[in-house]
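Structural overview for review
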Amino acid sequence: MAASGRLPEKVVSTWGSKGKEETLALLQKAWKQGSPSEEGSFEFRGLVCDLMRHVISGGLEADDVAAAFSELVSTLGVGDTFPSLLADSLTILDAEVFCNESKEQRSAFKALTTACMDMLGEPLLKERLDMEALEASGLVPSKINFNQKYVKTKTKLFYKQQKFNLFREENEGYSKLIAELGHERRPDAAAPAMLQNIKSLIGRFNLDPNRVLDAILEAFEGHLEEYAFFLPLLEDYPCEKSTFVNILGLKFQCYQHSELDKTPPTPASLYKMAALLLHRGLVKLEDFYSHLALGDAQLKEFHERIMDEAAATARKANIVSLAEKSDEDREREAAALAERAEQRRMLLSLETNQKLGLCHAHLEMGDWRGAKAVMNLLPSFLPVWSPMVVQSLCRLVNTAIEPLYRGTCAPRAAKGSHSTPLPENLQQCHKFTNLYPDVFEMLFSLGPHVHSDPLLLSKVVRLGRAFLKEGGASRGGQERAAVFRGFLSLLDEVVFPCLSLMPCNCGMAEEVWAMMKQLPYEIRYQMYGHWKNSSYSLHPELIEARSQAVSKGKYIMKRLTKDNVKPSGRQIGKISHGNPGIIFDYVLSQIQRYDNFIIPVVDSLKYLTPLAYDVLAYCIIEALGNPQKERLKHEDTNISNWLKGLANFCANVFKKYPIELTGLLQYITNQLKAGKSFDLLVLKEVVQKMSGIEISEDMTSSQLEALAGGELLKAEGAYFSQVRNTKKSSQRLREALVDANLSLPLCLLMAQQRDCIIFHEGSIRHLKLVGMLLDHCLDTLVQFGGFLSTHLSPDEYSKRIPALDTLGLEFRIPADVAFFMLRPLISNSISEKFLELEKASKAEGEKQDKKSKASRQEANYHLACQHVVDPVMEAARSLHPPKVWEEFSSRLYTTFWSLSLYDLYVPGSRYEDEASKARNSIHSLKDSQDVSSSKRKKEQERSAVLVERLQEERQRQEDNHRLVMARLKQEKDSWFSAKVTKNRTITQLLQLCVFPRCHFTASDAVFCAKFVYTLHSLQTPNFSTLLFFDRIFSDISYTMASCTENEVRRYGRFLGALLDIISRWHASETAYNQECAKTPGFISMMRSSGAGTQYLDYENYRHITFKWHFKLTKSLVVLLESKDYMQVRNGLTVLTKVLPHYPKVYHLSIALEKRIEKIMEEEKEKRQDLYALAIGYAGMLKNHKQNLVAEVEFHNREERLKSQSENEGKAATRAQEKEGSGSQEAGRETKQEKASKAKSGEEAKAVSSRAKSEESKLPSSSSRETAALSSKGAESGAKGATQKEEGGKTEGKSSSGGKETKEKGSSEKKDRAEKKGGGKEGSTEAQPSLAAAGPPAEPEVSPTAKAAAAAAKGGRSPSVRNGPVGGAASPARAGQRRQHSGENGSPDSTSEKEAKRRKVEEDVRHSKERESDELSDRSSTEKKDKTRKRERPSDKETSSDAKRKRESLEGTTAPTKETEVKEKKRLVKVSKKESKLVLEPSPTAKKTTTAVKKEKEDKKHHSTTKIRTVKK
């Protein structure tokens, strides 16, 4: 059998390589050219037959051709068409093979049939192939058996009569049957009698029972109102249940539509009859469902298509197309849309969709359960896409809830009649528990389609509101709990989706909010989240509503400006009535990108409903908590702009509109619990906007001064923005905090968050960011605490703030925060107690008036303070170890932390300024014509009231200040103990009080300075003002290195306030003499007897002031030359803050200016923030240059040197007189001794003038520093107490090896005096003096000059640390020995024997002095050594330098000039490292028993040794 010529032979021959692909290409081309309805073209069928013929002829394998057919089917997607065509081809090929009678071809045909069997299937092959082919292919086991079975089946189907002989039926029987069923019956007609008649008719006239049943159903369909008669009749009719199903299904099939004919629509009576039969149980739905149109697969496909179309529409809304659509495109889209709408209408029509018609019939008769059973078999929410079904279901719900609605929540003026329910099919609700489960299920089935009946929706919402008002689930058991859950689900699945489909219905939004506000915010926000993020994707209508809302929102936001706020706001309000979450989500996204939208958007939100405001609060919290948003910028050192913008918007919105704050506050609390501090920015902005309390480090001096006043002065003059219209907003914030009980948790969490930032985030964050977060945390804490203290009543505040020990020990709150929280409580408690005592005193005063009013008030105030502060003081002792309170007063500690700037300072000038502004406002309004008369009068009254209130507030503060100062005067004597050294006392004061508080806030920094000034002005015993200032200004680099940006600003304000004080004293001698000259804080020397106390004079104070300025410059230069970012920034910040008072000296300013210029040059392209700070300060410093003075104008150096020389000469004379009166061997002073003394004095002056000239010649700031340091020895001021003749040991600390060489006291001096002169004089113990010059004094290199200077001074000043070590013979002592060594007063005039005697005596004496010093160091100064070692920079290096110095002084009596120069340079380096002021303890300090005993033993042993040496 040869193949035809349609398929080329080369394709068959090259089948394995490329023939197969070419064949498939030909088949695909032929298929596309043909018509699918004609099952392919003639060319295609010919190619298929050719391929099969090649298999029969042996040219191709059957499996290869079958595989090609399968690939073709998968490629073309032809469905069932190609298998039918292939079966026809096999049939034709079977006939050809049968005629040829070839076994090979028969085998090939069998193989081809077998290969194609999987693709064609057995049923199709059995239908098309001949019997012989089926048997040969194995599809039929036996042709004979198959033919027999086929004949039997055909006979049974077409020729066998199963029941009655139709020819035996009589028409009369059907006539009587119709007459029996159709006549009018009485209401009490019985169905059994009718059934008996029907049976008789069937038997008499041989009627077909099925046809009789069909006639009964027809009669029932025509008389549905008589269902009470027909249903029992059908129940008793003798037939199988399947008969009902078949007959009823046949009726429905008669109305099913087809494409070829036009059938009438399914009548509603048939639907109702079927519903009644299903409801009565005569027909089962699972049996009857398959007889209904449309098919489930078709409905499922329709449902998916509708959802896909809605999603596609939403996607198109988000696509921005710049090309404009043509008219043809618009027409095409409109036509497609109309076609889809028509298809949807047809598929959802009850005339076409019999399943929906059956569901509708169930609902019309009130059978919800029957309708629910049908709905469950359909795709979700597809039944309610039909408007008829929705209307029926809404009527059913209305009927069910009508009695409950009328009885509980219907308005009194509402009119209307009760709906009449269908009997026996519906249970009406008379109480809330009847709503569960049927009514809730009906509403859930409706879903968002309840929006078609707004009246029903409002009824449901009002029922929910009434139920929640009654207590919700809290008043009952499981039934009420189920109802509560049902209402919540209704809100989620019905009410909110309905709002989205009800455009611009603000009344319905108000009804929903009336129900929603009964719920806590947690449940509300959960529902808003489900509405916004989930509900819109469940229904195609909601998908389209969301896309429309987004499109409208984009349109509005593109055109929103400050000029069209009102019309744009109205449009936003309309959208927000139904889709608030969608529109707010888009608005917030725009605000996060463009912060200039904030104010217009806030103003445009005034047309929202309360529900929309609540949803807006949720959307803000959701945007803040978005985990996909980075809270830091790319460099990870600054907070992102979107968070700043959102925080600003949040604050403005919550201030302007009545939105609940609880959710936002709880969110911030939860973030703090999780250790996240970025959202504190939101809290800071909210508190600032709503309360007007502003925290800023850029305050002016006048604003900072206003912070010292009362609340009214703060509101009027302390903030950048006027605090107006914050009464309502601050009240709302207060109520939210009180109701949610979040005031104390937020305070505690913010206080603990400071440590969390350092220890948890400090290792992973940039140092700049960590500092910024610390500043934000502290600022927010201060702002929030200030809000609580001013807006909570004293009782409310006291109930919420725990005790001091609880805060410190249980919550681990540091002392600065704990006292910050307790300070308002302490102040209020003192005021209340004071008023109580005043009231009692006034009652007694009427009977017995002994005291004046002022003294009585002061006494009562002191008693009130003791009553309140004493428990706080006891609690404060638990915050620190007990050892602390041994050296520091707990009363001073509590007093310092409990007072505020309001107590210490009255800003009278600021009160006057604000009052003047108010008066000027009154006068300006009188002549103003731009303001209406009513508004003018209102403003004038407000200004007049403001003036009066300011005066009253000032008077109250002045009275409070007077009482506080009187209290401090009474307490000051107990603050500083005489048993503790002043140096240690100042250290404790700085560590426990000043440093922690001056970093807290700007007002606290000023408070610290005011408190120190108060300590000085009160002349507090045992408090050294000079030592305090020296400890502050000696080296500020260490205290500033670890400060954050805001902390260093506050520290700069603190330094500026202190510099203001010392500058005022420096500028006026009169002010100095009045405030400082005779005060305990400026004592330079004190004797044990109490007489002869010396105070620092004015000129020496000017020298000390220069020293402090010099040390400030040195510390700031160290910071500015550092490569560390934080140190450079802190140095520049402090310079900016202290600029009005520092620098004052020209050459110090030059040193700073050069460092600033270097920073500007280095940081211009690297760190822009440092460059900005540097260039800003450079400009300020340039403007400040006119206030600079030369050093000679700042302090009189010549006068200082002259007074120093005179004082040293007087001291030497006194020592000489005592030596002459106490020693019988020395005799009188000769002329040679006087010449030697004069020579030594001249050398000392030469040293001083040389150091001065070297300093003035230094060309740069660094060389000037070196010169200033090298001239320290010549610039020392008041030098300490006059010592005994033998160069008594200096008090203070020696720089050699870090040891402190202490004076042995008056007893030891007495022993040395007895050894020299044999006389006994009363000892005078000297108070260590203060260095008078700026840089500390240093001894000169030249031994001759050193001897002269020491001889003139009579001993080394205790403030000089770099003097000789205890055992070494100092040049000063050598000079004294030369003056008092013999009769002639000169070493050259003494005999050789006398010189040897003196040498032996000196060796023995110095040896014993070294032993005595070592014992004293070990016993009495061990603790001080450890403390002062920490304060000294480099003990090892200093010790080695001093050792080399001692060795050179001991071994060389006349050093060369080169040696002097080297030694001078080395001593300059030493003086740089040890320029620190040291004050020794008061001579009245008591010694311990062990120390006294040890001292007596040492003196006894030392005295005996000296006497033996003299005798020898």
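Here is what the cut-offs are and how they apply
Residues numbered from 1 in each chain as written. Predicted model: local features only at pLDDT ≥ 70, side-chain atom pairs only at ≥ 80, totals over all residues. Heavy atoms only, no water. Helix = DSSP H or I, 4+ residues; strand = E, 2+ residues; numbered from the N terminus. Buried < 20%, exposed > 50% of the residue type's maximum accessible area, 1.4 Å probe, protein only. Contact = heavy atoms within 4.5 Å. Areas by Shrake-Rupley, 256 points an atom, 1.4 Å probe, with all protein chains shown as cover. Core = buried A, V, L, I, M, F, W, Y, C linked by side-chain atoms within 4.5 Å. Axes fitted to C-alpha atoms, helices over the stretch in contact; angles between N-to-C directions. Nonpolar A, V, L, I, M, F, W, Y, C, P; charged D, E, K, R; others polar. Salt bridge = Lys/Arg side-chain N within 4 Å of Asp/Glu carboxyl O. Parallel < 35°, antiparallel > 145°, perpendicular 65-115°, else oblique. Patch = residues over 30% accessible without salt bridge, like charges linked within 9 Å, V, L, I, M, F, W, Y side chains within 5 Å. Lys, Arg positive; Asp, Glu negative; His and termini not counted. Charge placed at Lys NZ, Arg CZ, Asp CG, Glu CD. Expected span 1.5 Å × (residues − 1). Disulfide = S-S within 2.5 Å. Polar contact = N/O pair within 3.5 Å; in protein donor to acceptor, adjacent residues only side chain to side chain. pLDDT = per-residue confidence, 0-100. Phe/Tyr/Trp six-rings, centres within 6.5 Å; stacked < 30°, edge-to-face > 60°.

Here's the deal with the overall build of the protein
The helix and strand inventory of the protein stands at 71 helices and 2 strands. When burial is assessed residue by residue, the protein has 52% of its 1512 residues classed as buried. Restricting the contact set of the protein to residue pairs at least 6 apart, pairs at least 24 apart contribute 77%. For the protein, the exposed surface amounts to about 71700 Å²; the carbon and sulfur share of it is 51%.

Examining the nonpolar core
The biggest cluster of nonpolar side chains holds 330 residues, and the ones touching the most others in it are Phe649, Phe1028 and Phe1054. If we skip the residues at most four places from it in the chain, Phe1028 touches Ile986, Leu989, Leu990, Val994, Val1012, Phe1023 and Leu1058. In terms of nonpolar packing, the next biggest core, distinct from the first, is built from 42 residues, Trp15, Leu24, Val55 and Leu112 among them.

What to know about the packing of helix 40 (residues 767–791) against helix 54 (residues 1045–1067)
Packed helix pairs are specified by the crossing angle of their axes together with the interaxial distance, meaning the distance between the axes. The N-to-C vectors of helix 40 and helix 54 enclose an angle of 65°; their axes lie 7 Å apart at closest approach. On the side of helix 40, the interface is formed by Asp775, Leu778 and Asp779, while helix 54 contributes Glu1045, Asn1046, Glu1047 and Arg1050. Residues that form the contact of helix 40 with helix 54 fall into these classes: 1 nonpolar, 1 polar and 5 charged.

As for the pattern of salt bridges
Applying the stated criterion across every chain yields a total of 50 salt bridges. Residue Arg524 is joined to Glu660 by a salt bridge in which the shortest nitrogen-to-oxygen separation is 2.5 Å. In this pair, Arg524 is assigned in helix 27 (residues 521–533) and Glu660 in the loop between helix 33 (641–656) and helix 34 (662–673), connecting sequence segments 136 residues apart. Close ionic contact of Asp913 with Arg910 constitutes a salt bridge, the shortest N to O distance being 3.4 Å.

Here's the deal with the packing of helix 35 (residues 680–691) against helix 38 (residues 727–740)
Two elements in contact, helix 35 and helix 38, have axes separated by 7 Å at closest approach and are oriented at 135°. Classified by the angle their axes make, helix 35 and helix 38 are oblique. Contacts from Val687, Met690 and Ser691 in helix 35 reach Ser729, Ser730, Arg732 and Leu733 in helix 38.

Focus on a positive patch on the surface
Residues Lys566, Arg570, Lys574 and Lys606 make up a contiguous surface patch of positive charge. Looking at the element boundaries, Lys574 is found in helix 29 (residues 565–578).

A few points about the environment of Ser386
For Ser386, the location among the structural elements is in the loop between helix 21 (368–376) and helix 22 (387–408). Sequence spacing of Ser386 and Gly357 is 29 residues, and the spatial spacing of their C-alpha atoms is 9.8 Å.

Here we look at the side chain of Thr726
Mapped onto the elements of the fold, Thr726 is located in the loop between helix 37 (711–717) and helix 38. By relative accessible area, Thr726 is classed as buried at 11%. The residues contacting Thr726, other than those within four sequence positions of it, are Lys655, Lys689, Met690, Ser691 and Gly692.

Here we look at helix 30 (residues 580–593)
In this model helix 30 runs 20 Å from its N-terminal to its C-terminal C-alpha over 14 residues, within 8% of the 20 Å that 1.5 Å per residue would give. A large share of helix 30 lies buried, amounting to 11 of its 14 residues. Three or more residues of helix 30 are buried, namely Pro580, Gly581, Ile582, Ile583, Phe584, Tyr586, Val587, Leu588, Gln590, Ile591 and Gln592. Where helix 30 is buried, its residues touch helix 27, helix 28 (540–558), helix 29, helix 31 (598–604), helix 32 (610–624) and helix 33.

So, the state of the cysteines
The full count for this structure, using the stated rule, is 0 disulfides. Free of any disulfide, Cys504 has its nearest cysteine sulfur in Cys506, 8.6 Å distant. Taking relative accessible area as the criterion, Cys504 reaches 44% and is therefore assigned partly exposed.

Remarks on helix 57 (residues 1125–1137)
With 13 residues, helix 57 extends 19 Å between its outermost C-alpha atoms, agreeing within 8% with the 18 Å of an ideal straight helix rising 1.5 Å per residue. Among the residues of helix 57, those classed as buried are Tyr1125, Met1126, Val1128, Arg1129, Asn1130, Gly1131, Leu1132, Thr1133, Val1134 and Leu1135. Packing partners of the buried residues in helix 57 comprise helix 40, helix 53 (1037–1041), helix 54, helix 56 (1098–1121), helix 58 (1146–1162) and helix 59 (1168–1184). Where helix 57 starts, the residue carrying a side-chain oxygen 3.2 Å from the main-chain nitrogen of Met1126 turns out to be Asp1124.

Looking at the confidence of the model for the protein
Overall, the prediction assigns the protein a mean pLDDT of 77, with 74% of residues at 70 or greater. The weakest mean pLDDT in the protein belongs to helix 63 (residues 1261–1270) at 35; the strongest belongs to helix 32 at 95. Note that pLDDT drops below 50 for residues 1–5; the model gives that stretch 12 contacts with residues more than four away or on any other chain.

Topic: the packing of aromatic side chains
Counted according to the given criterion, the structure contains 46 aromatic pairs. Aromatic side chains Phe440 and Phe444 sit 6.4 Å apart centroid to centroid with 20° between the ring planes, which places their arrangement in the stacked category. Taken together, the residues Phe440 and Phe444, both in helix 23 (residues 438–446) and 4 residues apart, mark about one turn of the helix. Looking at Phe440, the relative accessible area reads 3%, which means it is buried.

Some remarks on unusual backbone geometry
Cis geometry marks the peptide bond from Tyr436 to Pro437, where omega comes out at 5°. Residue position: Pro437 is located in the loop between helix 22 and helix 23. That bond from Tyr1142 to Pro1143 is cis: its omega, 0°, falls within 30 degrees of zero.

Quick notes on the environment of Ser889
You can see Ser889 is positioned in the loop between helix 45 (882–887) and helix 46 (890–898). For Ser889, a relative accessible area of 14% translates into the label buried. In this structure the C-alpha to C-alpha distance between Ser889 and Arg877, which are 12 residues apart in sequence, comes to 9.9 Å. If sequence neighbours within four positions are ignored, Ser889 has contacts with Ser974 and Trp975. In terms of polar contacts, Ser889 uses its side chain to reach the backbone carbonyl oxygen of Ser974, at 3.5 Å.

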